Amino acid sequence: MEIDRIIDSTFEPISNAIASVIFYSVRFLELEIKLILVWLVVAALFFTVYLGFINIRYFKHAIDVLRGKHDSGHSNGQISRFQALMTSLSATVGLGNIAGVAVAISIGGPGATFWMAVMGIFSMSTKFVEVTLGVKYRQCGSEHDPGEISGGPMYYLYSAFERLQKPRMGKFMAGLFAVCCIGGTIGAGGLFQANQAYQQALVVTGGNAGFLADKGWLFGLFMAILVGLVIIGGIQWIAAVASRVVPIMTIIYILAGFVVIGFHYAAIPGAINTIFEMALYPQAGIGALMGALLMGVQRATFSNEAGLGSSAIAHCSVKTDVPVSQGMVAMLGPFIDTVIICMVTALVIVISGTYVEGGGIEGVELTSRAFASGISWFPYVLSLTVFLFAYSTMISWSYYGLKCTTYLFGERIAVEGIYKILFCLFIIIGASAQLSNIILFTDAMVFAMAIPNIIGLYMLAPEIKKDLQVYLQDLKEKTGKLP
């Protein structure tokens, strides 16, 4: 614990300085509005309108593409469309869907969940743009593996500035994104996930009197071994595990949620009415409306990662020669993550009425209490899903950090090996230490990714619009109609 405090206190001034810049906020109607949040929201709204509400008009088409309806023959890539989507979802479907929703309700009221869903729908457009660009500008082949594929904002950012004959600025922006992604991977993908998974395991094994008390290092070592066994095999192993774990953990969680909702079936109409009333007509006036809206938008943005550019790294390995088609598939991510899974959590909390009993800001404790209102042992089911959510997030984020590391230091086996060892070590540290300032630092790094990424999206927006038009025209010629 003494080492924890030394590390934490050393990082405190650095964390506070960086977080104060990235999470800089302004006051509006007695509310603190983070500018990075505005940056992400404006991008989601812009791309939705600019691309003609692609998120709504081509939703069914996206499902058809995921099912392979429009695929033909062999394409370059390492993983299937389904595996790419599941790998991306394994990084976004996590504690934000459980604890984040509870925080949104405890602060912004039930109305915040409505705005979460709205933001999730708009975020689909941002996800389409960044994934389409990621696949379009991906690089094939490496020094030790001709079949290796690398892609993400690092590559399309450089290309965007190179076209303006500013390659140095392109290298800087791409490098900035890569550095921020590596920092975010260590914290959001390693330290935080391991820490929260251990805390949940500690609760269900007897707390401070249980077997795992003061054995965070052992739990961390166990998780590090599980993660290491998967990430050593690269994206194909990660995608294979994600494509199995994500559907299972999602089904378990949704079914558990439906059981709790079923126990309170008589309260369903009233709960839905409460959500809409508090979202659109709050009795406390405009301040409450803005509070619910901002909290809902914030938690949705934190949940689906649209605009950060991270998901593009996972989707780049897909087997396709048509970038726009994978952009369509990627749109489904925020819908599944923020609209479906988050809304199940919200309904469980609101219908059970447990949010009324809260005494302030609550996270996973509120969700756990809501699940217990259905069946007393349901918190154990919740603990299982928390573990699976944390595990899946770790393996996917490890890949994001790996690709950014090899972008900076070269596609070499030694570089990959060192990175994977360090990532697993940080999992052990995360489970056994309380490093709040390091986690604050890495959270800031995650959201800093959105600054260079969205600049690149705006710069390449005309190109994306043209590619979409060509894609739709080709589709019309093949099928005789537009989707």
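Our subject in this report is the structure included herewith. The structure presented is a predicted model; accordingly, all values stated were derived computationally and were not measured.

Basis of the calculations
Residues numbered from 1 in each chain as written. Predicted model: local features only at pLDDT ≥ 70, side-chain atom pairs only at ≥ 80, totals over all residues. Heavy atoms only, no water. Helix = DSSP H or I, 4+ residues; strand = E, 2+ residues; numbered from the N terminus. Buried < 20%, exposed > 50% of the residue type's maximum accessible area, 1.4 Å probe, protein only. Contact = heavy atoms within 4.5 Å. Areas by Shrake-Rupley, 256 points an atom, 1.4 Å probe, with all protein chains shown as cover. Patch = residues over 30% accessible without salt bridge, like charges linked within 9 Å, V, L, I, M, F, W, Y side chains within 5 Å. Salt bridge = Lys/Arg side-chain N within 4 Å of Asp/Glu carboxyl O. Axes fitted to C-alpha atoms, helices over the stretch in contact; angles between N-to-C directions. Parallel < 35°, antiparallel > 145°, perpendicular 65-115°, else oblique. Core = buried A, V, L, I, M, F, W, Y, C linked by side-chain atoms within 4.5 Å. 1 Å grid on protein atoms, 1.4 Å probe; cavity = no way out; pocket = protein on both sides within 12 Å on 5 of 7 lines; lining within 4 Å. Points joined across faces, edges and corners; volume = space filled by probe spheres on them. Disulfide = S-S within 2.5 Å. Phe/Tyr/Trp six-rings, centres within 6.5 Å; stacked < 30°, edge-to-face > 60°. Expected span 1.5 Å × (residues − 1). Bend = angle between axes of the 7 residues up to and from the residue. Left-handed = near helix turned anticlockwise from the far one by under 90°. Nonpolar A, V, L, I, M, F, W, Y, C, P; charged D, E, K, R; others polar.

So, the overall build of the chain
Line of reasoning, step 1. Of the regular secondary structure elements, the chain holds 22 helices and four strands.
Line of reasoning, step 2. By the burial criterion, 57% of the 483 residues in the chain qualify as buried.
Line of reasoning, step 3. In the chain, once contacts between residues fewer than 6 apart in sequence are set aside, the share between residues at least 24 apart is 83%.
Line of reasoning, step 4. Within the structure as shown, the chain displays about 19,800 Å² of accessible surface, and the carbon and sulfur contribution to it stands at 66%.

Topic: a nonpolar patch on the surface
Line of reasoning, step 1. Residues Phe211, Trp217, Leu218, Leu221, Ile225 and Leu229 make up a contiguous nonpolar surface patch of roughly 600 Å² in combined accessible area.
Line of reasoning, step 2. One can find Leu221 in helix α10 (residues 216-231).
Line of reasoning, step 3. Taking relative accessible area as the criterion, Leu221 reaches 35% and is therefore assigned partly exposed.

Remarks on the packing of helix α7 (residues 111-136) against helix α16 (residues 332-352)
Line of reasoning, step 1. Two elements in contact, α7 and α16, have axes separated by 8 Å at closest approach and are oriented at 170°. Compared by their axis directions, α7 and α16 come out roughly antiparallel. Across from Thr113, Met116, Ala117, Gly120, Ile121, Ser123, Met124 and Lys127 in α7, the residues of α16 making contact are Pro334, Phe335, Thr338, Val339, Cys342, Met343 and Ala346.

Re the nonpolar core
Line of reasoning, step 1. Core analysis: the biggest nonpolar cluster contains 138 residues, and Phe128 and Met328 have the highest contact counts within it.
Line of reasoning, step 2. In terms of residue count, helix α18 (residues 378-409) provides more of this core than any other element does, 15 residues in total.
Line of reasoning, step 3. Discounting chain neighbours no more than four positions away, the residues touching Met328 are Ile54, Tyr58, His61, Ala62, Phe128, Leu468 and Tyr471.

Description of the pattern of salt bridges
Line of reasoning, step 1. All chains considered together, the criterion is met by six salt bridges.
Line of reasoning, step 2. The residue Lys60 makes a salt bridge to Asp64 at a minimum N-O spacing of 3.2 Å. Placement of both Lys60 and Asp64 in helix α4 (residues 59-66) is noted, with a separation of four residues, approximately one turn of the helix.
Line of reasoning, step 3. Note on Asp64: relative accessible area 8%, which makes it buried.
Line of reasoning, step 4. Note that Arg67 is salt-bridged to Asp64, the shortest N-O span being 3.0 Å.

Let's talk about empty space enclosed by the protein
If a probe as big as a water molecule is rolled over the atoms, it shows which places are left empty.
Line of reasoning, step 1. Across all of its chains, the model carries three cavities of 30 Å³ or more by this definition.
Line of reasoning, step 2. If you add up the space inside the largest cavity, you get close to 40 Å³.
Line of reasoning, step 3. In terms of lining residues, the largest cavity is bounded by Ile231, Gly234, Ile238, Ser398, Tyr399, Leu402, Tyr419 and Lys420.
Line of reasoning, step 4. Elements with a contribution of two residues or more to the lining of the largest cavity: α11 (234-263), α18 and α19 (413-432).

Some details on unusual backbone geometry
Line of reasoning, step 1. Of note, Phe53 is a non-glycine position whose phi angle comes to about 55°, a positive value.
Line of reasoning, step 2. The residue Phe53 is located in the loop between α2 (35-50) and α3 (54-57) in this model.
Line of reasoning, step 3. Given a relative accessible area of 38%, Phe53 falls into the partly exposed group.
Line of reasoning, step 4. Phi is positive for Gln165, close to 60°, though the residue is something other than glycine.

Notes on the state of the cysteines
Line of reasoning, step 1. Counted by the stated rule, this structure contains zero disulfides.
Line of reasoning, step 2. Take Cys180: it sits in no disulfide, and the sulfur closest to it among the cysteines is that of Cys181, at 8.8 Å.
Line of reasoning, step 3. Unpaired in this structure, Cys404 has its nearest cysteine sulfur neighbour in Cys181, at a distance of 3.5 Å.
Line of reasoning, step 4. By relative accessible area, which is 0% here, Cys404 ends up buried.

Things to note about the environment of Gly307
Line of reasoning, step 1. Looking at where Gly307 falls in the secondary structure, it is placed in the loop between α13 (286-304) and α14 (310-315).
Line of reasoning, step 2. You can call Gly307 buried: its relative accessible area is 0%.
Line of reasoning, step 3. When the C-alpha atoms of Gly307 and Ala43 are compared, they prove to be 7.5 Å apart, with 264 residues separating the residues in sequence.
Line of reasoning, step 4. Not counting residues within four places of it along the chain, the set of residues in contact with Gly307 comprises Leu40, Thr126, Glu130, Ala450, Asn453 and Ile454.

Considerations on the packing of aromatic side chains
Line of reasoning, step 1. On inspection of all chains with the given rule, the structure shows 17 aromatic pairs.
Line of reasoning, step 2. Where Tyr155 meets Tyr407, the ring centres are 5.2 Å apart and the plane angle is 80°; that geometry is what we call edge-to-face. Of the two residues, Tyr155 is situated in helix α8 (residues 153-163) and Tyr407 in helix α18; the sequence distance between them amounts to 252 residues.
Line of reasoning, step 3. You can call Tyr155 buried: its relative accessible area is 13%.
Line of reasoning, step 4. Taking relative accessible area as the criterion, Tyr407 reaches 24% and is therefore assigned partly exposed.
Line of reasoning, step 5. Their ring planes at 75° and their centres at 6.3 Å tell us that Phe219 and Phe387 sit as a pair that is edge-to-face. Of the two residues, Phe219 is situated in helix α10 and Phe387 in helix α18; the sequence distance between them amounts to 168 residues.

Considering α11
Line of reasoning, step 1. Taking 1.5 Å per residue as the helical rise, α11 with its 30 residues ought to reach 44 Å, and the 43 Å between its terminal C-alpha atoms agrees with that figure.
Line of reasoning, step 2. Approximately 25° is the largest bend angle found in α11, and it occurs at Ala242.

So, the packing of helix α9 (residues 167-204) against α19
Line of reasoning, step 1. Relative to each other, α9 and α19 sit at 35°, their axes nearing to 7 Å. The element α9 and its partner α19 pack so that their crossing is right-handed. For the pair α9 and α19, the contacting residues are Thr185, Ile186, Gly189, Gly190, Leu191, Ala194, Asn195 and Tyr198 in the first and Tyr419, Phe423, Phe426, Ile427, Ile429, Gly430 and Ala431 in the second.
Line of reasoning, step 2. Residues that form the contact of α9 with α19 fall into these classes: ten nonpolar, five polar and no charged.

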